[in-house]
Every structure is written in C-alpha cells, then in structure tokens.
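# Remarks on the overall topology
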Amino acid sequence: MEEGPYKFVRDGTGKVSRVIRIGTRKSQLARIQTDSVAAKLQELYPDVRLEIGETFRLGFCQTTLSTCNKSLFTKELENALERNEVDLVVHSLKDLPTSLPAGFTIGAVLRRENPHDAVVLHPKNAGKTLASLPKNSVVGTSSLRRAAQLKRRFPHLEFKDIRGNLNTRLKKLDDKEDFAAIILAAAGLKRMGWEDRISAVLQPEDCMYAVGQGALAVEVRAKDTDILDMVSVLHDPDTVLRCIAERAFLKRLEGGCSVPVAVHTYIKDSQLYLTGAVYSLDGSESLKETMQTKEVDERLQRVGVTATKIPADLQDGAERLGVDLADLLLTKGAKEILTVARQLNDAR
C-alpha cells in the first residue's frame, strides 16, 4: 500500500511496516557497498523493511574514464529519486559532483575505508615494487591524477589507460602481459574481498588520493526530513569533516576527473589538516600546499553534505579550509596548470 510518496507493507500478522527503497547500480562492487549500508540501517531500524533495486547498469565509455562526465554514474539514480521510485541511493563519494542538482543532498557519509591507492602487480612481478620494475614497464591506470603523480615519482615507468570495472581490470592484468602492474583504489579491493591482490599501498609522498576516495555517501531528497533523520546516524564525524574540506577544495578549483587534483587529509589534536595539489598531465608541473582549520561562519549545507548532528562550526571550518587552500594554489598559478591539463585531455 502507498500513502503519498511513502510505501508500506502488511505482514501475515497484520503488522504494517514502512518500506525504504534503496537504489544502486548493477555492478558487483556497487551492490556490495549498498548491501553494507542496508545492513547498518536494518540493524538500527529493525521495524523498517528495506528493498534494494538495481536501477541502472552503466555501459563503459568508449574512451578513457577521465574524459567521461562522472554524472553518468549518478544521473539515472537521481532520476529514480526524483520520481519517488527509490528513497535513497548509495554512491562512492568520489563519484558525486561537488554541486548536486537542486532537491538532492548527501544525507550520510560513512566511516571511510582506506582512501589510498594500491599497486597490483602482474603475477610474474611478484615481490617487486614500482621502484624496482624494469625501465619502460607499463603500468595501467584510468586516472589522470594517479598517472601525473606516478610519472613524476617513477619516471622510468610508462603509464597507459586501462578501462573496465575492478573485475575487468584484474582480468586484463592477469590474462595478458600488456601491463606490469595496475593501480586501483585500496578501498574497492578490500570491499570485494581481494586484499590479497594488493602488492603495496601508495603513501601520500608517492601518490595522494582523489577527493572523497574510500568513503560511501547516501544521497536523498533534501525535502525528505524523515529519511534525512534516519540516515544521519550513519555519518562518521571525522570522515564528514575530511570530505567537506576535500570537496570544497575541488569545487573552488573547478576541478573534476578531467584534471589531476589530489588531496590528503587527517585530524590530529582536534585540528583538521588538508594537503592539496594540482598537476600537469605529465606531472612536470605541480603545486602542493598544506593548511589546517580555523573557525568561520555557520551555514546549513556544505558542498552537498547535510550533517545537522555534527557541530556547524567544525563543518564550516572544514569547508573554509578547502576553499582557503584552493585560493592559495590559485594565487600560485593552479588555474593555468589545470586549464592546460583540461585542454590537453580534451584533445586526446
């Protein structure tokens, strides 16, 4: 039965339960991530019935991922939200733009998995590292950010695009000898249960990560205060503050997956630290700085995130940190570097 936008079911005993419909994409990793969020919600709200609908399978672009608009990953799910076909959707936060369409908000950002990138070596290279791979060894990555940093750090290696989901990329690595290694997000490998494939986790001095990498986000309709209240308990305060700072930094730079922008955040002694960098496509030019938080004015929604139960001054400080660091890099020439990188990438 339905009342307005809400759906209810009655069981054999006559008990009526609210149904919460969760949307996800039809990929193994997306389903694993969605199931993990659903399990947390079911534990917290045992009287609610959860239904998961696989609403969208994204066909891979016939070009590099860096030239694809990441909104492709979210558009159909947001359409389902708008049509009230689902009540919430689960995303990898790094796939969500820093400005969401009107009427939508990120209602929860869950505790972050390891945000760093991982090296997965071809079996024949077991025991090696990126540094010890032979000269001109080919490393696969679809990320401009990873390639720019690693070209700078390991100039003896070659970097080439590799497309597909995690399963596809690992198969391409193992079945052929086109790649000596590939670079993947450590979080995705762990969620898939493939931690044993990780040869090394790249530390910030080698490769900083993408904005929001490793965190899951729950997107809802901004007007659905009951759903917002329900999912808000999933917020991890430290992850929220780190990701607000990162997303504010990226938004101020007007960056995205078409330009190499990287971050590293951590909280120490109640202070939030953000390191951010921009790179030319070949890594030859870069700007990198670090800042820490300071207090600023209050507001309700920050770079698409609504977290009313986390102190506003902390959230505002995180957002201001991202903006201030971006402004610092912009004064040093970040806009020029990113403009050239974007033009070169568009021309590829």
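As a reminder, the structure under discussion sits directly above these lines.
Residues numbered from 1 in each chain as written. Predicted model: local features only at pLDDT ≥ 70, side-chain atom pairs only at ≥ 80, totals over all residues. Heavy atoms only, no water.

### Some points on the environment of leucine 96
- Looking at the secondary structure, you find leucine 96 in the loop between strand 5 (88-92) and strand 6 (104-109).
- Along the chain, leucine 96 and threonine 74 lie 22 residues apart, while their C-alpha atoms are 7.2 Å from each other.
- In this view, leucine 96 contacts Thr74, His91, Ile106, Ala217, Glu219 and Arg247; residues no more than four positions away in its chain are not counted. (Helix = DSSP H or I, 4+ residues; strand = E, 2+ residues; numbered from the N terminus. Contact = heavy atoms within 4.5 Å.)

### Things to note about the sheet that holds strand 13 (residues 261-268)
- Sheet architecture is open: three strands sit in the order 13-14-15, paired in antiparallel fashion. Only two strands of the sheet have a single partner each, and these edge strands are strand 13 and strand 15 (286-292). Strand-to-strand twist of the sheet, defined as the mean angle between neighbouring strand axes without regard to direction, takes the value 10 degrees.
- The pairing of strand 14 (residues 271-279) with strand 15 spans seven bridges and is classified as antiparallel. Residue pairing in the sheet places valine 278 in a bridge with leucine 287 of strand 15.
- Contacts from helix 7 (residues 237-253) reach strand 13 and strand 14, with the element oriented near 150 degrees to strand 13. (Pairing = 2+ DSSP bridges. Axes fitted to C-alpha atoms, helices over the stretch in contact; angles between N-to-C directions.)

### Considering the pairing of strand 10 (residues 181-185)
- Within strand 10, five of the five residues are buried, leaving the element largely enclosed by the surrounding structure.
- Side chains Ala181, Ile183 and Ala185 project from strand 10 onto one buried face, and the interleaved Ile182 and Leu184 project onto a second face that is buried too.
- Judged from the five bridges that link them, strand 7 (residues 117-121) and strand 10 form a sheet pairing that is antiparallel. From the neighbouring strand, aspartate 117 faces strand 10, where its bridge partner is alanine 185.
- Sheet analysis places strand 8 (residues 138-140) next to strand 10, joined by two bridges and oriented parallel. Note on strand 10: the bridge partner recorded for valine 139 is alanine 181. (Buried < 20%, exposed > 50% of the residue type's maximum accessible area, 1.4 Å probe, protein only.)

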